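Here is what each chain is made of, one letter per residue.
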Amino acid sequence: MGSFTKVALWTLSAVVVIAIIAGGVIAFNFSGVKDSIGNALDRSVADEAEMPEEDEELAALANPGSKESEEAKEAFEVSDEKSNDGLPSERQFADSIHHMTHQKVKAQQKWGHLEITDERIEQKYETAKKSDYEYREFYMAALEDWMEGDFTNAVQVHNTIWNERDGTIGKARGLMTPEEEMDYKIRHFD
C-alpha cells in the first residue's frame, strides 16, 4: 500500500470517528438526557439552599406531646374513619390540604391537584374549626397563614402529610418561584 493510500485511510478513519463522536454528542444534547441530568443537579443544589427552616410551632401542632422533629414526623397519623358530623374523614381532609400544597412546592412527583383559592382556604379552615380531628390545630395554624397570603409553611405542611402517607417519592424540596407556580396552574387548572 502506498503512502497516499495510508494517509487517505487514516484520514477517513479519523473523520468516521469524529462523526460518530459528534453524532453521540448531538444525540445526547437533544435527547433530553442532558436536561434531565442538569435539572436534577440544579434541583439538588437549589433544593438544599431553598429548604425553609422548620416552623417549630407548626411541628409541635403536628405532633402533640413531642418536641423532637423526627419523632414528630413519625407520630403524625390520621384516621380514615368517617366523621359522625358530616365532615370528611381526617385522611380525606389531610389529603386535600396536601393536594393544595402541590401548587406551591417543588417535588419530583406530585399526585393529586387542588387549586388554592381564597374560598377553598376559608372552607378548609371552617371545616377544621368544626372538626374533632386529632391534628385540628395543625391544620388551622397552616390555613391561618395561608389566609394571610403566607405560604412559607407549604413545604413543611406537605412533608408532614407526605411522611404520614409513608411517601418515598415526591418529598417537597422548596417553594416554587412565581413563574413555576404560574406554569403549574396553567397545566393543572386552566
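Predicted, not measured: the structure shown is a model, and the values here were computed from it. (Residues numbered from 1 in each chain as written. Predicted model: local features only at pLDDT ≥ 70, side-chain atom pairs only at ≥ 80, totals over all residues. Heavy atoms only, no water.)

Chemist: Where do I start with the pattern of salt bridges in this structure?
Modeler: Overall, the coordinates contain 6 salt bridges when judged by the stated rule. Of the charged contacts in the structure, one is a salt bridge between Glu164 and Arg91, with a shortest N-O distance of 2.6 Å. Of the two residues, Glu164 is situated in helix 8 (residues 154-164) and Arg91 in helix 5 (residues 90-101); the sequence distance between them amounts to 73 residues. Just as Glu164 is buried, Arg91 falls in that class too. Here Arg136 and Glu137 are joined by a salt bridge, their closest N and O atoms 2.8 Å apart. A residue is classified by how much of its surface remains accessible, and Arg136, at 22% relative accessible area, is partly exposed. For Glu137, a relative accessible area of 41% translates into the label partly exposed. (Salt bridge = Lys/Arg side-chain N within 4 Å of Asp/Glu carboxyl O. Helix = DSSP H or I, 4+ residues; strand = E, 2+ residues; numbered from the N terminus. Buried < 20%, exposed > 50% of the residue type's maximum accessible area, 1.4 Å probe, protein only.)

Chemist: I tried to follow the environment of Lys185 on my own but got confused; where do I start?
Modeler: Note on placement: Lys185 falls in helix 9 (residues 178-189). Taking relative accessible area as the criterion, Lys185 reaches 24% and is therefore assigned partly exposed. In sequence terms Lys185 and His113 are 72 residues apart; their C-alpha atoms lie 9.6 Å from each other. If we ignore the near neighbours within four places in the chain, the residues touching Lys185 are Gln103, Glu115 and Asp190. (Contact = heavy atoms within 4.5 Å.)

Chemist: So what exactly am I meant to see when it comes to the environment of Glu77 here?
Modeler: For Glu77, the position within the fold is in the loop between helix 4 (69-75) and helix 5. Taking the C-alpha atoms as reference, Glu77 lies 9.6 Å from Glu90; in sequence the two are 13 residues apart.

Chemist: Before we go on, may I ask you to explain the packing of helix 5 against helix 6 (residues 118-130) in this structure?
Modeler: The description of two packed helices rests on the angle between their axes and on the distance between the axes. Where helix 5 contacts helix 6, the two axes come as close as 12 Å, and the packing angle between them is 155°. Here helix 6 runs roughly antiparallel to helix 5, going by the angle between their axes. Both helix 5 and helix 6 take part in a crossing whose hand is left-handed. Here helix 5 contributes Phe93, Ser96, Ile97 and Met100 to the contact with helix 6, which in turn contributes Arg120, Ile121, Lys124, Thr127 and Ala128. Its residues assigned to classes, the contact of helix 5 with helix 6 shows 5 nonpolar, 2 polar and 2 charged. (Axes fitted to C-alpha atoms, helices over the stretch in contact; angles between N-to-C directions. Parallel < 35°, antiparallel > 145°, perpendicular 65-115°, else oblique. Left-handed = near helix turned anticlockwise from the far one by under 90°. Nonpolar A, V, L, I, M, F, W, Y, C, P; charged D, E, K, R; others polar.)

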